Amino acid sequence: TACSSKYVLSQMHPMWQGPLVVPGGDRQSPIDIVVRKSIFDSKLKPLVTKYDPHTCQQIWNNGYSFLVEYDDTTDKSTLQGGPMEDKFRLCQFHFHWGETNAWGSEHTVDKKLFPAELHLVHWNSDKYSLFEEAVMEDNGLAVIGVFLKVGKRHEGLQKLVDALPAIRHKNSVVAFNRFDPGCLLPTNTDDYWTYHGSLTTPPLTESVTWMIMKQHIEVSHEQLAVFRSLLFTSAEEDMQKSMVNNFRVQQPLRGRAVRSSFN
Ligand SMILES: N=Nc1ccc(S(N)(=O)=O)cc1
Ligand SMILES: [Zn+2]
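Parameters and conventions
Residues numbered from 1 in each chain as written. Chains lettered and ligands numbered in written order. Predicted model: local features only at pLDDT ≥ 70, side-chain atom pairs only at ≥ 80, totals over all residues. Heavy atoms only, no water. Donors = N, O, S within 2.8 Å, 3.2 Å for Na, K, Ca; no water. Tetrahedral: all angles 85-135°; square planar, octahedral: opposite > 155°, others 65-115°. Helix = DSSP H or I, 4+ residues; strand = E, 2+ residues; numbered from the N terminus. Salt bridge = Lys/Arg side-chain N within 4 Å of Asp/Glu carboxyl O. Buried < 20%, exposed > 50% of the residue type's maximum accessible area, 1.4 Å probe, protein only. Phe/Tyr/Trp six-rings, centres within 6.5 Å; stacked < 30°, edge-to-face > 60°. Lys NZ or Arg CZ within 6 Å of the ring centre and 35° of its normal.

Undergrad: What is the right way to look at the coordination of the zinc ion (ligand 2) in this model?
TA: Six octahedral donors at a metal ideally form angles of 90 or 180 degrees, and four tetrahedral donors ideally form angles of 109.5 degrees. For the zinc ion (ligand 2), the full set of protein donor atoms is His94 (NE2), His96 (NE2) and His119 (ND1), and the range of their distances to it is 2.0 Å. The coordination sphere of the zinc ion (ligand 2) comprises four donor atoms, whose angles at the metal cover 97 to 117 degrees; the geometry is tetrahedral. Counting along the primary sequence, the residues that act as donors to the zinc ion (ligand 2) give the motif H-x1-H-x22-H. One end of the pair, His96, is in strand S7 (residues 88-97); the other, His119, is in strand S9 (residues 116-124), with 23 residues separating them in the sequence.

This is the structure in structure tokens:
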């Protein structure tokens, strides 16, 4: 679908650090969320997600993470509310994780690292007609971030985990339908932090309104271990590299405000 994208993994420096310098990058992501410096904004509305499980199309290994892609040619799976004025269309979700449970998330909360982070990627379908267009615009994208903690097994996630062995190698894809991404959201989606930032992988464009959920979800150690069984490398390459630590380091805040929807 429109929102899938290929990343180029250069040998010079691992891609998850992205290019070392971004031209004029003063709203880069991820960031450390300093809770006591976040500003409560009573005008922030609850998030309204309306996800149609039937718009799920495929799951694939893009050599950086695994993406679950949705048909974003109609307004079937949408996000609105929060700090946004417009309606946004879900195009894909993916995760970032570490080689151990000690780290793996991209955002941190008072420097606390989580073992993994889920990103649900949406683009502004009120203003643009394609993800590729929206990705270049200030208010083009909205990404929901959810922290993962290791604990009890996540039943909804298991369907996804069971599909991963089929896409072990980079560029492998498997049909995946009927998956409700809403099952991966925490029970409370009213409490979040929001700030203006960027994609955390190339093209690193500064077009993202981030909404980071205060409440995490729990997945089992075994489920995370299957994430780590994926490979960065394609079947043709002889050096197989396990797909771990696919996160970018925290970026300077550059005076940006982080608002909270809760007191
Ligand atoms: N090129 N597409 C992308 C979409 C989302 C993200 S992220 N990790 O910021 O959600 C990065 C790249
Ligand atoms: Zn991401």
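Now that the structure is up, let's keep going.
Undergrad: Please clarify how the pattern of salt bridges should be interpreted in this entry.
TA: Where charged atoms from two side chains of opposite charge approach closely, those side chains can pair. This structure, assessed with the given rule, holds five salt bridges. Between Lys43 and Asp41 there is a salt bridge whose closest N-O contact spans 3.4 Å. Its salt-bridge partner being Asp41, residue Arg259 comes within 2.8 Å of it at the nearest N-O pair. One end of the pair, Arg259, is in strand S15 (residues 259-260); the other, Asp41, is in the loop between strand S2 (39-40) and strand S3 (47-50), and 218 residues separate them in sequence. Look at Arg259 and you get partly exposed, because its relative accessible area is 26%. Each of Asp41, Lys43 and Arg259 takes part in one network of salt bridges that share partners.

Undergrad: So what exactly am I meant to see when it comes to the environment of His216 here?
TA: Residue position: His216 is located in the loop between strand S13 (208-213) and strand S14 (217-219). Of the residues examined, His216 reaches a relative accessible area of 29% and is grouped as partly exposed. Between the C-alpha atom of His216 and that of Glu85, which follows or precedes it by 131 residues, the distance is 26 Å.

Undergrad: How do you make sense of the packing of aromatic side chains when you look at a structure like this?
TA: Note on aromatic pairs: each is described by the distance of the centres and the angle between the planes. Enumeration according to the criterion identifies eleven aromatic pairs in this entry. Summarising the aromatic geometry, the rings of Phe66 and Phe227 are spaced 5.1 Å apart at their centres and angled 80 degrees between planes, so their arrangement reads as edge-to-face. With Phe66 in strand S5 (residues 66-70) and Phe227 in helix H3 (residues 221-227), the pair connects residues that are 161 residues apart, well separated along the chain. With respect to burial, Phe66 and Phe227 carry one shared label: buried. Ring-pair connections join several aromatic residues into one group, and the members of that group are Phe66, Tyr70, Phe93, Phe95, Trp97, Phe176, Phe179 and Phe227. Seen from the ring of Phe114, Lys112 lies directly overhead, with NZ or CZ sitting 4.8 Å from the centre.

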